[in-house]
Amino acid sequence: METTSVQKIKRSFKRPFVFPKNCVYRPLRQIHNIERNQKLPPDQPTYFTLNAPPSLLPAKKYSDISGLPAPYVDPHSKLRFANAEEYGSMQQLPSDIINGYLTLRGFTSAVG
Amino acid sequence: MAIPKRLLIIDNGSYECRVGWHNSKKPDLRFRNVLTKPRKDRKKDSNQLPDSSATPATIVDELKANAEIQIGNDITNIEAVRAHLKSPFERNVVTNWNHQEQIFDYIFSKMGFDGETSIDHPIVLTEALANPNSCRRQMTELLFECYNVPALSYGIDALYSWHHHQQQHKSVSDALIISFGYNTTHVIPVLAGKMQLQHVRRLNVGGFHINNYLFRLMQMKYPVHLNAISSRIEKLVHDHCHIAKDYRDELLKWAQLDYYEAHIMKIQLPYNQVTATNALLTAEQKQEKRRELALRLLDIKNRREREKLQEDEDYLLVLRKLRQLHEQQKLQKFERALQQQQVANLEELDKLIGTITARIKRVKERATAQPKPSKQQDKLDKLPKPPEGVSQSQWLADLREKRDQLQQRKQARQQQRQEQAKRHTHAAQERMRIISTLARSEKRRKANGGDEEDDGFGMNDNDWDVYKRINRYNDDSDSDAENERMLEYEKILQHYDANFDDGSNNAAMQALIAAENYQLHFGVEAIRVPEILFQPSMIGCSEAGLAELIAFVLKFFTGEEQQRLVDHVYLTGSCAQFRGLKERLAKEMLELRPFQSSFAIYESNDPVLSAWLGACLQANGKRFSESLTTKHLYQEHGSEYFREHSASNIFYPTPKD
């Protein structure tokens, strides 16, 4: 991240102060790694232990395009659809839109 | 310790920052917690100015700096820089301290600290629940070292909001707080006035995800209107999205065509008639433009020719005078002049005069001749006429047949393409067969050292069509010529045949359709988008939805404690403003609580500002000074330390290794 490019502005109410260079920006993931190596007591709740648990309910299936409950999947594009009419319109979609819908749902095929 | 000064309350949210004095009724300053950096070229300009710390220069510097980095409300056009917005936050935690420093600069100068030597007021600041120690340490260091504040107090926005809510429910000390933030949603159990930190859970879905989800959906539904959409997303979410009481039920209603027709919301985007006609008339306009360009070129050419003519005529005059000199027998002068003009002798002079006169004559002739009608003009006027000896109707029928043939061929190609894309079809197998044959012949050629007998492939141009046939994503690129021919046929048919109709050749109709193309249909999205709070799986997030999460958190407690919690479920945060949220939660609670048990849901009466107001309340309290971390304490205990209070996180020291 181009944090160094920000030039500091002189303001009367500020005192000269700079963070060490490696502390100016730390992504959460890095903070997580640091905390993991800190040997905190195991029952100490931290930011990263408070994440919601993974869902145990089966995810409901909705059509990617219309959002309606979708009993069908197009085996070719992997898009879900609710009815024949939708299937027809799906066939005209360009591949980037199809991929857009799939990534929006978080679908990644095993083949790539 | 006495606190004589006014306190500055900062609700540092990841969406909006609210700042104000503790004794005011509402925040004095509210702004989107973002900043935008300028483009590089502008920055360079200001860098060239000499940097000096003299007083008048600092003001100039500051003005420059303000022009450079725009923060919060100073961003003049937030839509234009949407892609370049930077936030100090990652999720709900401050991680970028350069940005946070800029934000503080902005806050303090807006609050009138310019000219003062330090921020001589205690600060109350909200932070994320369970904010990592390293983040808080940096915040503390920044405020004490850089801004020299006398004292600090950290608190959690949801708990401040709860304190504010408790004003009306003084006797209640147990609650299940559900805080809907911009990046996260928290479920916070509070028993006997104490947050049960180990049982708090955070769902990493919030308002940002809702906005983004709608944006992506609309973007893919209407790829053409991308720019017009992006500025309307937030408004759509705020005004028209709501949470369905029974999502599946509502969806099934939307599946009915008449319900859809009755409830669909159509949003007309600004639609410019002129641009639409532009789009319709491109072909004619292009020709018009081309003609203009040709005229201009012709003009330039003429001018140049005229200039050349003038030059030639002048030169001719000089040469004629020379000749006269010779005729008048002034030989000496003549010789000198010849040398001057770099002409060898009399014969050459005569020849030169001859060619130049010829050239002048030619140019003049061309100028006086009738300007030929341009070829394009010609083409434009001429619409193909029926060939001689064929009646018009016959000719038209012929054309129509040709056009139908082309159309059929096009459809067949598309069919083939679709079939090839699937496995186990004849077309796909055929494709595989051709590929393997081609591969085999390739190998054979290599094995023989590349110079075995030529199989004659490529002698015929049509041979290359095999490659087109095996190209799975076979575009129509090779049939451009066919498309062109089809367009031509249609044009002729439209011109001659009154009955010919290929859909929409009525100009008025077309304009109407174009305007309709500028409409966004907003239907299922209204409930689909906020539903991600309850079903994060819709955006590929594996975390448990809100209802499941509440059930999960409740399971940590005994039956009696559970009852105490659900007797006061409190909703706060900006996203709690969704219509239908309370009803939906009531339905979900009914499902997850034991039969015939009771629960109650309370909404915050000011979901957006209650955190800030709650912090003010606490700052006005008698025992507030006990919750301040003073500069002295900071120097004594280090930058990690802070004093706990009823709305704060719980302090735990980072273990030393």
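Residues numbered from 1 in each chain as written. Chains lettered and ligands numbered in written order. Predicted model: local features only at pLDDT ≥ 70, side-chain atom pairs only at ≥ 80, totals over all residues. Heavy atoms only, no water.

- Going by the annotation in an unreviewed UniProt entry, the name recorded for chain B is Actin-related protein 5, with Drosophila hydei given as the source organism.
- Taken from UniProt, the Sequence similarities (unreviewed entry) comment for chain B reads in full: "Belongs to the actin family. ARP5 subfamily."
- Regarding chain B, the relevant UniProt record gives this comment under Function (unreviewed entry): "Proposed core component of the chromatin remodeling INO80 complex which is involved in transcriptional regulation, DNA replication and probably DNA repair." (UniProt positions renumbered as here; feature names shortened; annotations may be inferred.)

- Under an unreviewed UniProt entry, the name given to chain A is INO80 complex subunit C, and the source organism is Drosophila hydei.
- What UniProt states about chain A under its Subcellular location (unreviewed entry) heading is, verbatim, "Nucleus".

1. A look at the sheet that holds strand E4 (residues 35–36) of chain B
Residue and element names in this part refer to chain B.
1) Next: Spatially, the three strands line up as an open sheet ordered E5-E4-E6, and their pairing is antiparallel. Edge positions in the open sheet fall to strand E5 (70–71) and strand E6 (85–86), since each of these has one partner strand only.
2) Next: Inspection of the sheet shows E4 paired to E5 by two bridges, in the antiparallel sense. Opposite Thr36, over in E5, you have Gln70 as the bridge partner. (Pairing = 2+ DSSP bridges. Helix = DSSP H or I, 4+ residues; strand = E, 2+ residues; numbered from the N terminus.)

2. A few points about the side chain of Ser118 of chain B
1) Next: Along the chain, Ser118 of chain B turns up in the loop between helix H3 (97–110) and strand E9 (123–127).
2) Next: Looking at Ser118 of chain B, the relative accessible area reads 13%, which means it is buried.
3) Next: Beyond its immediate stretch of four places on either side in the chain, Ser118 of chain B contacts Phe13 of chain A together with Phe113, Tyr147 and Asn148 of chain B. (Buried < 20%, exposed > 50% of the residue type's maximum accessible area, 1.4 Å probe, protein only. Contact = heavy atoms within 4.5 Å.)

3. Quick word on the confidence of the model for chain B
Residue and element names in this part refer to chain B.
1) Next: Here chain B averages 82 in pLDDT, and 83% of its residues register 70 or above.
2) Next: No element of chain B has a lower mean pLDDT than helix H1 (residues 40–47), at 47, and none a higher one than strand E12 (residues 185–191), at 95.
3) Next: Between residues 41–60, whose pLDDT stays under 50, and residues either more than four places distant or in other chains, the model counts 13 contacts.
4) Next: Predicted confidence for residues 376–380 stays below pLDDT 50, and this span has five contacts to residues more than four positions away or in other chains.
5) Next: Interface confidence for the predicted complex, expressed as ipTM, amounts to 0.90; the pTM equals 0.70. (pLDDT = per-residue confidence, 0-100.)

4. Re the interface of chain A and chain B
1) Next: Taken together, the contacts link 61 residues of chain A with 85 residues of chain B.
2) Next: When chain A packs against chain B, the two sides together hide about 6300 Å² of surface, and 56% of this comes from carbon and sulfur.
3) Next: Our count for the chain A to chain B interface comes out at three salt bridges.
4) Next: Arg11 of chain A serves as the salt-bridge partner of Asp105 of chain B, at 3.7 Å between the closest nitrogen and oxygen. (Buried area = accessible area lost by both parts, 1.4 Å probe. Salt bridge = Lys/Arg side-chain N within 4 Å of Asp/Glu carboxyl O.)

5. Remarks on the nonpolar core
1) Next: The biggest cluster of nonpolar side chains holds 77 residues, and the ones touching the most others in it are Phe104, Ile107, Phe108, Ile123, Leu143 and Tyr147 of chain B.
2) Next: Filtering out sequence-adjacent residues up to four positions away, Leu143 of chain B remains in contact with Phe104, Phe108, Ile123, Leu125, Asn148, Val149 and Leu152 of chain B.
3) Next: Counting residues in each nonpolar core, the second largest holds 68 residues, with Tyr101 of chain A together with Ile527, Val566 and Leu571 of chain B among its members. (Core = buried A, V, L, I, M, F, W, Y, C linked by side-chain atoms within 4.5 Å.)

6. A closer look at a nonpolar patch on the surface
1) Next: Taken together, Leu293, Leu297 and Ile300 of chain B make up a surface patch of nonpolar side chains, about 260 Å² in accessible area.
2) Next: Structurally, Ile300 of chain B can be placed in helix H12 (residues 282–327). (Patch = residues over 30% accessible without salt bridge, like charges linked within 9 Å, V, L, I, M, F, W, Y side chains within 5 Å. Areas by Shrake-Rupley, 256 points an atom, 1.4 Å probe, with all protein chains shown as cover.)

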